Amino acid sequence: WVPESLYTYVLLERLDGNSTRAEPYTRRLRAEYPGNKWALKLDEANSPEQIYDIAWVLMRGNRYLEASERFAHAYALRQSPEKKEEALFWLAKSNELAGRRAEAKARYLELAKHYRGYWVAESLYTYVLLERLDGNSARAMPFALRLRAEYPGNKWTLKLDEMK
């Protein structure tokens, strides 16, 4: 956990414009953990993965609006469909947690329409939940049906059925 903690601290300091304060921890991470993936990630400045990591640091700090901006940037830069889908999911979730429900629903819907991977079931569930909370049960219905049809027995399908 030490290398990851050092990496996270360095990212936070850099994010807050404190590169000087980050430098001793950068040196320590490189010196004590050469070849470690967290030490190697320090050299990926402004890569899609480092932008994604920064977004996660912001999420853990409850800075959801800032996190959503970084997840959007990571989504735009990532290349593989799986990585793009993951960034899009967390973009939706960070918007949801920031209270930007309409933006969150749009992103969950985008994910459900354009991807077929790991995050689709949870995106469908959350989209249905948010639409129902907004009083749009009819709009949510086709997505609830899709969740049940494509993901029977999935934890998100079961959770949806508990919600009735």
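The coordinates are above.
First, a word on scope: everything that follows refers to the structure included in this document. (Residues numbered from 1 in each chain as written. Predicted model: local features only at pLDDT ≥ 70, side-chain atom pairs only at ≥ 80, totals over all residues. Heavy atoms only, no water.)

1. Here's the deal with the overall build of the protein chain
In step 1: When helices and strands are tallied, the protein chain shows 10 helices and zero strands.
In step 2: The N-to-C order of helical and strand elements in the protein chain reads α-α-α-α-α-α-α-α-α-α.
In step 3: By its C-alpha atoms, the protein chain is 55 × 25 × 25 Å across when sized along the principal axes.
In step 4: Residues counted as buried form 42% of the 164 residues belonging to the protein chain.
In step 5: Counting contacts in the protein chain only where the partners sit at least 6 residues apart, residues at least 24 apart contribute 50% of the total.
In step 6: Total accessible area on the protein chain is roughly 8,900 Å²; 54% of this is exposed by carbon and sulfur atoms.
In step 7: With 27 positive and 23 negative side-chain charges, the protein chain shows a spacing of 3 Å between the two charge centroids. (Helix = DSSP H or I, 4+ residues; strand = E, 2+ residues; numbered from the N terminus. Buried < 20%, exposed > 50% of the residue type's maximum accessible area, 1.4 Å probe, protein only. Contact = heavy atoms within 4.5 Å. Areas by Shrake-Rupley, 256 points an atom, 1.4 Å probe, with all protein chains shown as cover. Lys, Arg positive; Asp, Glu negative; His and termini not counted. Charge placed at Lys NZ, Arg CZ, Asp CG, Glu CD.)

2. Considering the packing of helix α4 (residues 48–60) against helix α5 (residues 64–77)
In step 1: With their axes 8 Å apart at the nearest point, α4 and α5 run at an angle of 160 degrees to one another. Accordingly, the angle class assigned to the pair α4 and α5 is roughly antiparallel. Pair α4 / α5 crosses with left-handed handedness. Facing α4, whose interface residues are P48, I51, Y52, I54, A55, W56, L58 and M59, α5 presents Y64, E66, A67, R70, F71, H73, A74 and L77. (Axes fitted to C-alpha atoms, helices over the stretch in contact; angles between N-to-C directions. Parallel < 35°, antiparallel > 145°, perpendicular 65-115°, else oblique. Left-handed = near helix turned anticlockwise from the far one by under 90°.)

3. Some details on the packing of aromatic side chains
In step 1: Here the structure, examined in full by the defined rule, presents 12 aromatic pairs.
In step 2: Measuring from ring centre to ring centre gives 4.7 Å for W56 and W90, while their planes differ by 70 degrees; the resulting arrangement is edge-to-face. Of this pair, W56 sits in helix α4 while W90 is found in helix α6 (residues 81–97), placing the two residues 34 residues apart along the sequence.
In step 3: With 4.5 Å between their ring centres and 25 degrees between their planes, F89 and W119 make a pair best called stacked. Of this pair, F89 sits in helix α6 while W119 sits in the loop between α7 (101–114) and α8 (120–133), and the two are 30 residues apart along the sequence. When sorted by exposure, F89 lands in the same class as W119, which is buried.
In step 4: Of the aromatic side chains, those joined through ring pairs into one cluster are Y52, W56, F71, F89, W90, Y108, Y118 and W119.
In step 5: Over the ring of Y52 we find R78; its NZ or CZ atom is 3.9 Å from the centre of that ring.
In step 6: Lying across the ring of Y75, K84 places its NZ or CZ 4.5 Å from the centre. (Phe/Tyr/Trp six-rings, centres within 6.5 Å; stacked < 30°, edge-to-face > 60°. Lys NZ or Arg CZ within 6 Å of the ring centre and 35° of its normal.)

The analysis is restricted to geometry; functional conclusions fall outside its scope.
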